[in-house]
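Listed below, chain by chain, are the residues.
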Amino acid sequence: MSSILIQGGTVVNADRAFKADVLTQDGKIVAVGTDLQAPAGTTVVDAGGQYVMPGGIDPHTHMQLPFMGTVTMDDFYTGTAAGLAGGTTSIIDFVIPNPQQPLLEAYQTWRGWAEKAAGDYSFHMAITWWDESVKRDMGTLVNEEGINSFKHFMAYKNAIMCDDETLVNSFKRCLELGAMPTVHAENGELVYLLQKQVAEMGITGPEGHPLSRPPMVEGEAANRAIAIADVLNVPIYVVHVSCIEAAEAICRARARGQRVYGEVLAGHLMIDDSIYRHPDFATAAAHVMSPPFRPKGHQEYLWRGLQSGNLHTTATDHCTFCAAQKAAGKDDFAKIPNGCGGVEERMAVVWDEGVNTGRLTPSEFVAVTSANTAKLFNLYPQKGSVSVGADADLVVWDPAGSKTLSAKTQFSKGDYNVFEGRTVKGIPSHTLSQGKLVFVQGDLRAERGAGRYLKRPAFGSNFAAAKLRSEVLTPTAVKR
Ligand code: DUC
Ligand code: ZN
Ligand code: ZN
Ligand code: ZN
């Protein structure tokens with residue numbers, strides 16, 4: 001029996017913060033209250049002056065992903081270990097079948113890769129093609145394998161892109177199953193055309209990347225996916241909302257009463273597109289991800305979305321490629337493998353730029369880094385809450401601690417850090433995963449294979465309850 005008492009801290013949940021001790025036993029929280037007594041053999045952690053929060057959940061990572069002709073640097077072990085060092089105790093990664101590959105076959109492959117994970121993990125399933133077998137396998141995945149969310153790439157033409165026919169078929173199937181459809185919103189046809197046009201202008205460097213994927217390309221796709229979901233009366237979750245155009249689409253739909261949810265990446269909150277014009281290819285290429293970083297102004301709009309509750313979760317899209325891999329696009333920006341890291345830094349940068357600036361309260365921080373993801377993807381209250389019966393995945397957060405982020409000191413296997421040189425105030429002092437201390441004052445004790453696969457059941461009758469299309473509520477419809 002292993003037991004830990006976290007003493008004298010302020011417990012922060014998404015709904016409230018209060019002074020309390022937290023006692024864990026055998027991987028679960030067994031008591032939250034004042035002056036708790038430690039059973040014999042209990043390890044005591046002094047949390048005086050610190051916050052005790054649910055471990056972060058990153059709803060969007062790509063560990064060990066085969067993508068654009070290569071495989072990401074971080075696998076499920078190094079990537080989840082890096083997460084633990086940053087206070088993130090669970091990830092939701094993606095199974096991405098090749099077009100025509102049976103979904104269940106891809107699922108088994110990813111389950112095998114993920115066995116070495118150091119922290120708990122779950123999967124979204126990407127729908128990259130469509131036929132009756134896909135429809136059938138979605139049912140098996142939801143009902144037997146605990147996958148209750150499906151991802152649709154609206155970009156990456158001639159690869160994993162979904163056309164409207166597939167979106168409609170799959171969203172409809174999601175509704176039947178009580179599963180959440182999610183979208184990578186970028187119009188892949190426009191990206192395909194713009195990449196050619198930018199190349200024809202003689203632009204081959206990383207500065208061409210954002211030119212080929214402007215905000216309206218994302219705005220169009222977000223609006224289209226939201227409209228399809230509205231007509232089918234299914235909720236929808238938009239991943240990595242990076243720009244005003246896509247965030248506005250979500251705000252508008254929510255104002256009409258539609259159940260639309262938005263995710264923001266830590267990188268998109270902090271970094272702007274000037275980095276693509278950096279004279280050093282390696283630096284600019286290290287930031288090539290999709291959607292790209294946006295012009296100044298978009299970042300603040302995304303913060304407003306998190307503050308107002310129109311955007312719900314923060315993620316990273318952690319997808320690391322090293323300089324040698326990025327060099328595949330030395331003469332053609334369209335061949336630079338898309339992806340950046342962040343799983344290790346997300347909590348600290350969102351705290352530093354969110355809470356320290358007064359944009360977010362500590363409880364709102366917990367909501368957007370953990371609880372909202374747990375609720376939207378059916379992990380709550382096992383995850384996302386400091387409460388009796390919940391998993392003992394906890395972070396003891398030192399608001400006075402500080403650290404300068406750097407590739408030189410990161411645990412991630414990537415050779416670059418998009419937050420390089422940024423000094424953050426507010427860092428984890430201790431991380432607990434399944435009631436074990438896995439990170440203590442800079443010392444990472446991640447254990448290969450200790451992570452568990454998290455099954456996430458379907459949503460049942462609470463999902464899309466109202467048969468009321470938001471269109472019915474628009475002023476023109478009311479007047480008619
Ligand atoms: N975008 C990235 O930058 N990397 C992986 C996949 C994606 O959509
Ligand atoms: Zn994406
Ligand atoms: Zn992604
Ligand atoms: Zn390498």
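Structure: above.
So, a few notes on the structure that sits alongside this text. (Residues numbered from 1 in each chain as written. Chains lettered and ligands numbered in written order. Predicted model: local features only at pLDDT ≥ 70, side-chain atom pairs only at ≥ 80, totals over all residues. Heavy atoms only, no water.)

**What to know about the packing of aromatic side chains**
Tallied over the entire structure, the rule returns 15 aromatic pairs. Judged by centre distance (5.3 Å) and plane angle (85°), the ring pair of F67 and Y156 falls under edge-to-face. In this pair, F67 is assigned in strand β7 (residues 66-67) and Y156 in the loop between β11 (149-153) and α4 (164-177), connecting sequence segments 89 residues apart. The pair F67 / Y156 is uniform in exposure class, with both members buried. Arranged with centres 6.3 Å apart and planes meeting at 65°, the rings of Y107 and Y453 form a pair that is edge-to-face. Of this pair, Y107 sits in helix α2 (residues 103-114) while Y453 is found in the loop between β19 (443-444) and α15 (475-479), placing the two residues 346 residues apart along the sequence. With respect to burial, Y107 and Y453 carry one shared label: buried. Site record: aromatic cluster; members linked through ring pairs are F76, Y107, Y121, F123 and Y453. (Phe/Tyr/Trp six-rings, centres within 6.5 Å; stacked < 30°, edge-to-face > 60°. Helix = DSSP H or I, 4+ residues; strand = E, 2+ residues; numbered from the N terminus. Buried < 20%, exposed > 50% of the residue type's maximum accessible area, 1.4 Å probe, protein only.)

**Overview of the packing of helix α3 (residues 132-145) against α4**
For the pair α3 and α4, the least separation of the axes is 10 Å and the interaxial angle reads 35°. In the crossing of α3 with α4, the sense of the turn from one axis to the other is right-handed. Across from K135, R136, M138, G139, V142 and N143 in α3, the residues of α4 making contact are S170, R173, C174, E176 and L177. Partitioned by chemical class, the residues of the contact of α3 with α4 number four nonpolar, three polar and four charged. (Axes fitted to C-alpha atoms, helices over the stretch in contact; angles between N-to-C directions. Left-handed = near helix turned anticlockwise from the far one by under 90°. Contact = heavy atoms within 4.5 Å. Nonpolar A, V, L, I, M, F, W, Y, C, P; charged D, E, K, R; others polar.)

**With respect to the site of ligand 1**
Surrounding ligand 1, one finds H62, F67, F153, Y156, H184, M289, S290, D317, C319, N338 and G339. One nitrogen or oxygen atom from the side chain of H184 is found 2.9 Å from an oxygen atom belonging to ligand 1. When the free accessible area of ligand 1 is taken as 240 Å², the share hidden by the protein chains comes to 99%. When grouped by side-chain class, the residues that make up the shell around ligand 1 number five nonpolar, five polar and one charged. (Near = heavy atom within 4 Å. Polar contact = N/O pair within 3.5 Å; in protein donor to acceptor, adjacent residues only side chain to side chain. Areas by Shrake-Rupley, 256 points an atom, 1.4 Å probe, with all protein chains shown as cover.)

**Focus: the environment of A282**
Counting through the fold element by element, A282 comes out in helix α10 (residues 281-286). Looking at A282, the relative accessible area reads 36%, which means it is partly exposed.

**Focus: the side chain of H152**
Relative to the elements of secondary structure, H152 occurs in strand β11. The class of H152 is buried, set by a relative accessible area of 0%. Within the structure, the side chain of H152 is placed 3.4 Å from the backbone oxygen of F150, a separation counted as a polar contact. Dropping the residues within four chain positions of it, H152 is found in contact with I127, C162, L167, S170, F171, P181, T182, V183 and H184.

**So, the coordination of the zinc ion (ligand 3)**
The zinc ion (ligand 3) binds to the protein through H60 (NE2), H62 (NE2) and D317 (OD); the donor distances cover 2.0 to 2.2 Å. The sequence pattern formed by the donor residues of the zinc ion (ligand 3) is H-x1-H-x254-D. Distance-wise, the zinc ion (ligand 2) is placed 3.5 Å from the zinc ion (ligand 3). In this pair, H62 is assigned in the loop between β6 (56-61) and β7 and D317 in the loop between β15 (313-315) and α12 (323-326), connecting sequence segments 255 residues apart. (Donors = N, O, S within 2.8 Å, 3.2 Å for Na, K, Ca; no water.)

**Structural notes on helix α7 (residues 215-232)**
Here α7 contains 18 residues, and its C-alpha end-to-end distance of 26 Å stays within 8% of the 26 Å for a straight helix at 1.5 Å per residue. Looking at the residues trailing α7, positive phi occurs at N233, about 60°. (Expected span 1.5 Å × (residues − 1).)

**So, the pattern of salt bridges**
Close approach of charged atoms allows side chains of opposite charge to pair. On inspection of all chains with the given rule, the structure shows 23 salt bridges. K28 is the salt-bridge partner of D391, the closest N and O atoms lying 2.6 Å from each other. With D391 in the loop between α14 (362-376) and β16 (394-404) and K28 in strand β3 (residues 28-33), this residue pair connects regions lying 363 residues apart in the sequence. A relative accessible area of 2% places D391 in the buried class. For D332, the salt bridge goes to K335, with nearest N and O atoms at 3.1 Å. Of the residues examined, D332 reaches a relative accessible area of 24% and is grouped as partly exposed. Salt bridges here are not isolated pairs; linked through shared partners, they connect K28, D120, K383, D391, D393 and R452. (Salt bridge = Lys/Arg side-chain N within 4 Å of Asp/Glu carboxyl O.)

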